[in-house]
Amino acid sequence: MKKIASFIIVIMALCGAVRAQGDYEAFTFSQADYLGTARFMGAGGAFGATGGDFSALSTNPASIGLFKRNEVTFTPMMLNFNYTDNYYCGTNTPSQKFKYTVPQAGIVSAHEIRGDNNWKSWQFGFGYNRIKDFNGTLRTNAVTHNTLMDMVLNHVDGIPYNNLTGDGYLAWNSWLIDTISGTNDQYYSFFSDQDIAQHAVVTRSGAIDEMVISVGGNYNDKLYIGGTLAFPFLNFKEACSYSEEPANQDNINGIRDYTLNSEQQNSGTGVNFKIGLIYQPVDFLRIGAAFHTPTYYWKVRDRFIRSMITHYSNGTSSEDSYNNYTTFTLTTPLKFNVNASFLIAKRAFIAAEYEFEDYSKATLYDDHYDYIHENDAIRTKYGVSHTLRVGGEINVTQGFALRAGYRLKTSPYKMGNSPYDNTAHFISAGLGFRGKIMFLDLAYVLRMSKDAYWLFDAYGTPCEYKAKTHSVVATIGCKF
């Protein structure tokens, strides 16, 4: 076996290319599920026109104008249990993950405007809401004819061996690929056309937490306006342990098996601005709308860590690692939403919201790389996503309330570009206890989604998965 070190570098470089920044990151980091207080989540997040909840400052900032008293809220507990069915090459491998998070904390101060003035009050809010949670686990175990080396062959076909560069050059020097007899630019791999047992565990963690600074006002108890300056903090980690071994023989060209452990970490800070209004033409109806500018993430840190252990038929093994650090800039799509809330005898409300977002407008760029191919992939693969939020609340007694909600987020994939459609459904319920000063809210949310994941560079068979996340949320707060 010659140049074993080159073999290791090739595999690590290949897998590094799979998860280098591209359309995958642009899409993943542009999404928002809007978590937050238990009241907000229990009623489906439909507070854009209802107002009076801190987490709505991230959807319709005008909701701050409905606050008449100072309020402090803190959500110290969100328990997430994620269960996933992973379908790969005809085999289902279930996986699960448990996670504890703190999705919200905030304060709103309300100030009365005295004198002969139609402006009744103004409000100021500060805190944070979790707008996206990345936690989840994917597992695969299957026997297939696909191998990582097939991707290498796809890239080097037609290039003479003395002109190979990058991954192809390394694969050639490590004997992972060789020329077909009588040619100098057609290749084969010892791993191709073999029954390969593949095993993979992909674990995601992290979140986007959005710090909000909001200001709003109440005009004559009819018009409520507000603006939010938001700073999302991105923290994303994806770890993958991927291995291949012969399914029906001891070794392939002297290699018994190998395991690639790869880890991607992204962190960065962004900024966006949201502006909204709510109008109450009659006592029982409020209508609202909000506009969100694109989020600008500057100098997102991108860290790749790769390590591999390879076992050979002669009983020896090798292990090595590779690190890569880069930065990139991302602009996410703009959003707008419209909302309506029906108030029932000051004891209940039923609300609905619609939100529009076009993921094809996400853009990657950097001073040292143009991202032309990645941005073309974004335009080709992604399109418009529609979000519908509906929910309601009823005060059974003066101090006890029940809530329920539903949220639908449609797939942003353009037709024909994904075997699954990335549609997500959220079903929620909650209850609240109110005193003169203190209050406690609880909520349960079931999130159901489906999508596809390629183990290497969208080449070969994708892993199609269906995920369910059960969340229990608790919020405490006080009004004064």
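Structure: above.
This section reports on the structure supplied with the text. (Residues numbered from 1 in each chain as written. Predicted model: local features only at pLDDT ≥ 70, side-chain atom pairs only at ≥ 80, totals over all residues. Heavy atoms only, no water.)

1. Overview of the overall build of the protein chain
Here comes step 1: Helices and strands together make up the secondary structure of the protein chain, namely 6 helices and 21 strands.
Here comes step 2: Across the 480 residues in the protein chain, those meeting the buried criterion constitute 53%.
Here comes step 3: By element, 58% of the accessible surface of the protein chain is carried by carbon and sulfur atoms, the whole surface being about 20500 Å². (Helix = DSSP H or I, 4+ residues; strand = E, 2+ residues; numbered from the N terminus. Buried < 20%, exposed > 50% of the residue type's maximum accessible area, 1.4 Å probe, protein only. Areas by Shrake-Rupley, 256 points an atom, 1.4 Å probe, with all protein chains shown as cover.)

2. Let's talk about helix α4 (residues 148–156)
Here comes step 1: Among the 9 residues of α4, 7 are classified as buried, and the element is accordingly described as predominantly covered.
Here comes step 2: Every buried residue belonging to α4 is among L148, M149, D150, M151, V152, L153 and V156, and all of these are buried.
Here comes step 3: Note on α4: the residue one or two positions beyond its end, G158, has a positive phi of about 90°.

3. Regarding unusual backbone geometry
Here comes step 1: Its identity as a non-glycine residue notwithstanding, D221 has a phi of 55°, on the positive side.
Here comes step 2: Among the secondary structure elements, D221 is positioned in the loop between β8 (196–219) and β9 (223–246).
Here comes step 3: Phi at K299 is positive, roughly 50°, even though this residue is not glycine.
Here comes step 4: Position of K299 relative to the elements: it lies in strand β12 (residues 296–312).

4. Here we look at the packing of aromatic side chains
Here comes step 1: All told, the structure shown has 16 aromatic pairs when counted by the stated rule.
Here comes step 2: Considering the side-chain rings of F27 and Y382, the 4.7 Å spacing of their centres and the 15° angle between planes classify their relative orientation as stacked. On the criterion of sequence distance, the pair formed by F27 in helix α2 (residues 23–30) and Y382 in the loop between α6 (372–381) and β17 (384–397) is long-range, its members being 355 residues apart.
Here comes step 3: Given the relative accessible area of 6%, F27 is considered buried.
Here comes step 4: Aromatic pair F336 and F356: ring centres 5.3 Å apart, planes at 20°, arrangement stacked. Of this pair, F336 sits in strand β14 (residues 335–344) while F356 sits in strand β15 (residues 348–358), and the two are 20 residues apart along the sequence.
Here comes step 5: Taken together, the aromatic side chains of F27, Y359, Y382 and Y413 make up a single cluster linked through ring pairs.
Here comes step 6: Over the aromatic face of F426 sits the side chain of R407, whose NZ or CZ is 4.7 Å from the ring centroid. (Phe/Tyr/Trp six-rings, centres within 6.5 Å; stacked < 30°, edge-to-face > 60°. Lys NZ or Arg CZ within 6 Å of the ring centre and 35° of its normal.)

5. Observations regarding the pairing of strand β1 (residues 71–88)
Here comes step 1: In this sheet, strand β21 (residues 463–479) lies alongside β1 in antiparallel orientation, the contact comprising 15 bridges. Bridged to M77 within β21 is A474.
Here comes step 2: Inspection of the sheet shows β1 paired to strand β3 (residues 104–112) by 5 bridges, in the antiparallel sense. Pairing of V72 across the sheet is with I107, part of β3.
Here comes step 3: Pairing analysis gives 11 bridges linking β1 to strand β2 (residues 91–101), with the strands arranged antiparallel. Following the sheet pairing, Y83 is matched in β2 by Q96.
Here comes step 4: Between β1 and the antiparallel strand that follows it, β2, lie 2 residues; C89 among them carries a positive phi value of about 55°. (Pairing = 2+ DSSP bridges.)

6. Overview of the environment of A289
Here comes step 1: Its place among the elements puts A289 in strand β11 (residues 285–292).
Here comes step 2: Separated by 13 residues in the primary sequence, A289 and G276 have C-alpha atoms spaced 5.6 Å apart.
Here comes step 3: In this view, A289 contacts N60, I275, G276, L277, N337, V338 and N339; residues no more than four positions away in its chain are not counted. (Contact = heavy atoms within 4.5 Å.)

7. Regarding the pairing of β8
Here comes step 1: Two elements, strand β4 (residues 119–133) and β8, share 13 bridges in a ladder whose sense is antiparallel. Among the inter-strand pairings, K132 is bridged to a residue of β8, identified as I208.
Here comes step 2: Note that strand β5 (residues 136–144) and β8 share 9 bridges and pair antiparallel. Residue pairing across strands places T144 opposite I196, the latter belonging to β8.

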